[in-house]
Amino acid sequence: MSRGAFALAAALLLAGCGGSEEPAPAPSEAPAASLGQGKLPPQVADYPALASKDCAEVAEFYLEALSSREYAQAALVWADPVIDAARLEAVFGGYKQAQVEWTEPFVEGAAGSSYCTVSGKLTDAGDPAKPLREGTLLLRRVNDVPGATPDQLRWTLQSSTFVENLERSGRGEP
């Protein structure tokens, strides 16, 4: 079992026990502030894992959020107004429990940025008859350079080839 599949399986098992070895909260455990009758949308600052310099932690956060159907949290990894919770639900909502077995991320640097590629196999743990889909996630972050904003310094998804090709619109930061 790959590191990602093991970590995802362990996180899902631990979620049922109420315990976790990870210091960062799982996507559904983040605090939600109330505003009148509704809740504020999730914010990047609510999830320390999103500030990690380890792209594997960010990829794991994203995949766990998809698996638990927490699409608003998953959308935070995109940081793009076009790929929001509704868009991710439209793409992954047909899965009863999306599960991705993923390989070790491949990280490389180029011209002031680092890129992280995560390959994997998407299955539906809730519907074993659903066909396996192979795909990749491509994440990017700006290297530690003077003047870079916190949003530029965090890993954000640039594209995903699971289910359908999703790519940043170019309208969001960074």
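Structure first, text after, so check above.
All of the points below concern the structure found in this document. Predicted model, so just to flag it, every value in this text is computed and none were measured.

1. Details of the packing of helix α3 (residues 71-78) against helix α4 (residues 85-92)
Step number 1: Look at α3 against α4: their axes get within 8 Å of each other, and the N-to-C directions meet at 110°. Of the possible angle classes, the one that applies to α3 and α4 is roughly perpendicular. Contact with α3, carried on its side by Tyr71, Ala72, Ala74, Ala75 and Trp78, involves Ala85, Leu88, Glu89 and Phe92 of α4 and no other residues of that element.
Step number 2: Of the residues belonging to the contact of α3 with α4, the class tally is eight nonpolar, no polar and one charged.

2. Focus on the state of the cysteines
Step number 1: Enumeration over the complete set of coordinates arrives at one disulfide.
Step number 2: A sulfur-sulfur distance of 2.1 Å marks the disulfide that ties cysteine 55 to cysteine 116. In this structure, the disulfide formed by cysteine 55 and cysteine 116 twists by about 60° around the S-S bond and is classed as right-handed. Here cysteine 55 is found in helix α2 (residues 55-67), whereas its partner cysteine 116 is found in strand β5 (residues 113-124), with 61 residues between them in sequence. Cysteine 116 shares its class with cysteine 55; the two are buried.

3. Quick word on the packing of aromatic side chains
Step number 1: Summed over the entire model, instances satisfying the criterion amount to one aromatic pair.
Step number 2: A cation over an aromatic ring shows up here: lysine 130 above the ring of tyrosine 95, its NZ or CZ 4.6 Å from the ring centre.

4. Quick notes on the pattern of salt bridges
Step number 1: Scanning the entire structure with this criterion turns up three salt bridges.
Step number 2: Between lysine 53 and aspartate 144 there is a salt bridge, with the nearest N and O atoms lying 2.9 Å from each other. Taken together, the residues lysine 53 in the loop between β2 (38-39) and α2 and aspartate 144 in the loop between β6 (133-142) and α5 (150-153) connect sequence positions 91 residues apart.
Step number 3: A salt bridge links arginine 154 to aspartate 151, with the nearest nitrogen and oxygen atoms 3.5 Å apart.

5. Examining the pairing of strand β7 (residues 156-160)
Step number 1: With respect to burial, β7 is a largely interior element, five of its five residues being buried.
Step number 2: As paired elements, β6 and β7 share four bridges and run antiparallel to each other. When the sheet's bridge partners are listed, leucine 137 is paired in β7 with serine 160.
Step number 3: Sheet topology note: the β7/strand β8 (residues 166-167) ladder contains two bridges and is antiparallel. If you follow serine 160 over to β8, its bridge partner there is leucine 166.

6. Observations concerning the nonpolar core
Step number 1: Tyr62, Val77, Leu88, Phe92, Leu137 and Leu139 are the most contacted members of the largest nonpolar core, which totals 35 residues.
Step number 2: Among the elements of the structure, α2, α3, α4, β3 (98-102), β5 and β6 are those that each provide at least two residues to this core.
Step number 3: The element contributing the most residues to this core is α2, with nine residues.
Step number 4: Once residues within four sequence positions are removed from consideration, leucine 137 is found in contact with Tyr62, Leu63, Cys116, Thr117, Val118, Leu157, Ser159, Ser160 and Phe162.

Rules behind the numbers
Residues numbered from 1 in each chain as written. Predicted model: local features only at pLDDT ≥ 70, side-chain atom pairs only at ≥ 80, totals over all residues. Heavy atoms only, no water. Axes fitted to C-alpha atoms, helices over the stretch in contact; angles between N-to-C directions. Helix = DSSP H or I, 4+ residues; strand = E, 2+ residues; numbered from the N terminus. Parallel < 35°, antiparallel > 145°, perpendicular 65-115°, else oblique. Contact = heavy atoms within 4.5 Å. Nonpolar A, V, L, I, M, F, W, Y, C, P; charged D, E, K, R; others polar. Disulfide = S-S within 2.5 Å. Buried < 20%, exposed > 50% of the residue type's maximum accessible area, 1.4 Å probe, protein only. Phe/Tyr/Trp six-rings, centres within 6.5 Å; stacked < 30°, edge-to-face > 60°. Lys NZ or Arg CZ within 6 Å of the ring centre and 35° of its normal. Salt bridge = Lys/Arg side-chain N within 4 Å of Asp/Glu carboxyl O. Pairing = 2+ DSSP bridges. Core = buried A, V, L, I, M, F, W, Y, C linked by side-chain atoms within 4.5 Å.

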